[in-house]
Amino acid sequence: MVLPSLAALIGDIELDTCLYNASGARCTTAEELKAIAGSNAGAVLSKSCTSEYREGNPSPRYYETILGSINSMGLPNEGFRFYSDYAKQHKASSKKPYFVSVSGLSFEENVSIITQLSHETGIDAIELNLSCPNVPGKPQTGYDFEQVQRVLDAVCSISERPLGVKLPPYFDIIHFEQMADILKAYPLKFVTCINSIGNGLVIDAQTETVAIKPKNGYGGLGGDYVKPTALANVHQFYRLLPNQIQIIGCGGIKNGQDAFEHILCGASAVQIGTQFMREGTSCFMRIAQELQILMEAKGYKKLEDFKGKLKYI
Ligand code: DHB
């Protein structure tokens with residue numbers, strides 16, 4: 001029996017399997033990146049990086065509930081040089097694509113980091129994060145459409161590596177259309193939908209206290225809380241963007257059916273965040289097998305057989 005193929009293409013980059021980690025989940029240190037490389041994930045994506053090392057926000061800064069997670073990490077990372085240098089080490093021992101997420105704290109910082117990362121051939125693509133909700137005093141670029149154009153004008157003209165963007169969730173049809181009109185003017189290879197739903201609040205009724213310390217408890221939501229919003233964003237951008245810009249689905253994937261739903265809505269590949277935090281690297285193999293069983297039952301042999309084919313009633 002031949003198992004259904006989970007192979008995926010992002011631009012010209014081939015993934016043996018369409019599942020990999022969301023940026024932020026267990027991908028900050030060399031050990032964590034190595035663990036993803038050694039797992040059944042289809043690619044390795046780094047923690048969003050800044051120019052310099054950052055300690056991040058005070059703890060507790062990540063909290064899980066039955067329905068998902070809340071985080072306000074504050075961009076703890078090793079600084080972009082570490083993730084650039086790590087590419088050599090990665091390529092020496094792994095065939096998996098290696099992606100670096102970039103989240104500079106200003107326009108100038110993003111331009112500077114991407115200029116410098118551009119020369120590192122071991123980086124298969126850059127995911128520019130336009131949607132970090134957790135740095136006090138810094139609004140998300142993804143909600144400021146003029147700023148999105150300004151940064152894409154700059155980085156698209158300098159990057160020699162394939163480039164994609166990670167978007168925040170949008171909640172209004174006009175915003176999907178306006179953002180898609182902006183994005184389609186650039187040579188982007190992919191758009192990742194969605195980052196966490198920003199500035200939620202999880203509290204404990206018993207202790208009458210917030211669950212995390214930074215920002216008086218406000219943080220980005222992931223997991224089950226966000227899946228319908230993620231599917232809506234994946235499907236809207238799939239419909240509105242040209243075929244050469246692939247959609248990467250992210251948000252609430254914890255089993256094979258969730259991955260199937262993202263692909264049905266138009267995702268070419270999917271990232272796992274909250275569930276990877278919960279379960280560790282075994283989630284990639286488990287979810288892949290569950291997705292294959294579901295595809296087998298439906299008679300699908302490859303992702304293209306159902307990608308984007310959501311039906312309306
Ligand atoms: C962090 C959170 C995000 O959602 C993101 O996109 C980047 C960074 C953080 O708090 O570290």
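Residues numbered from 1 in each chain as written. Predicted model: local features only at pLDDT ≥ 70, side-chain atom pairs only at ≥ 80, totals over all residues. Heavy atoms only, no water.

The subject of this paragraph is the layout of surface pockets. Here the idea is plain: a probe the size of a water molecule rolls over the atoms and shows the empty space left. For the second largest pocket, the calculated volume is near 300 Å³. Forming the walls of the second largest pocket are 19 residues, and the residues nearest its centre are Gly104, Leu105, Ser106, Pro139 and Thr141. When contributions to the lining of the second largest pocket are tallied by element, the ones reaching two or more residues are helix 3 (107-117) and helix 4 (145-158). Grouping the amino acids of the lining of the second largest pocket by side-chain chemistry returns eight nonpolar, nine polar and two charged. (1 Å grid on protein atoms, 1.4 Å probe; cavity = no way out; pocket = protein on both sides within 12 Å on 5 of 7 lines; lining within 4 Å. Points joined across faces, edges and corners; volume = space filled by probe spheres on them. Helix = DSSP H or I, 4+ residues; strand = E, 2+ residues; numbered from the N terminus. Nonpolar A, V, L, I, M, F, W, Y, C, P; charged D, E, K, R; others polar.)

Taking every second residue as pointing to the same face, both faces of strand 6 (residues 68-71) are buried, with Gly68 and Ile70 on one and Ser69 and Asn71 on the other. Summarising the sheet, strand 5 (residues 62-65) and strand 6 pair through four bridges and their orientation is antiparallel. The partner of Tyr63 across the bridge, within strand 6, is Ile70. Here strand 5 folds back onto strand 6 in antiparallel fashion, the turn holding two residues. Inspection of the sheet shows strand 6 paired to strand 14 (residues 218-223) by four bridges, in the antiparallel sense. In the strand pairing of strand 14, Ser69 is matched with Gly222. (Buried < 20%, exposed > 50% of the residue type's maximum accessible area, 1.4 Å probe, protein only. Pairing = 2+ DSSP bridges.)

On to the site of the ligand, then. Inspection of the region around the ligand gives 13 residues, with Lys47, Gly74, Leu75, Asn129 and Asn195 positioned closest. Side-chain polar atom of Lys47 to an oxygen atom of the ligand: 2.8 Å apart, as the coordinates give it. Taking Asn134, its side chain carries an N or O atom lying 2.9 Å from an oxygen atom of the ligand. Tallied by class, residues from the shell around the ligand come to five nonpolar, seven polar and one charged. (Near = heavy atom within 4 Å. Polar contact = N/O pair within 3.5 Å; in protein donor to acceptor, adjacent residues only side chain to side chain.)

Turning next to the sheet that holds strand 11 (residues 197-201). Taken in spatial order, the four strands line up as 5-6-14-11 in an open sheet, and their pairing is antiparallel. Because the sheet does not close on itself, it has two edges, and the strands there are strand 5 and strand 11. Averaged over all adjacent pairs, the angle separating strand axes in this sheet is 40°, with direction ignored. (Axes fitted to C-alpha atoms, helices over the stretch in contact; angles between N-to-C directions.)

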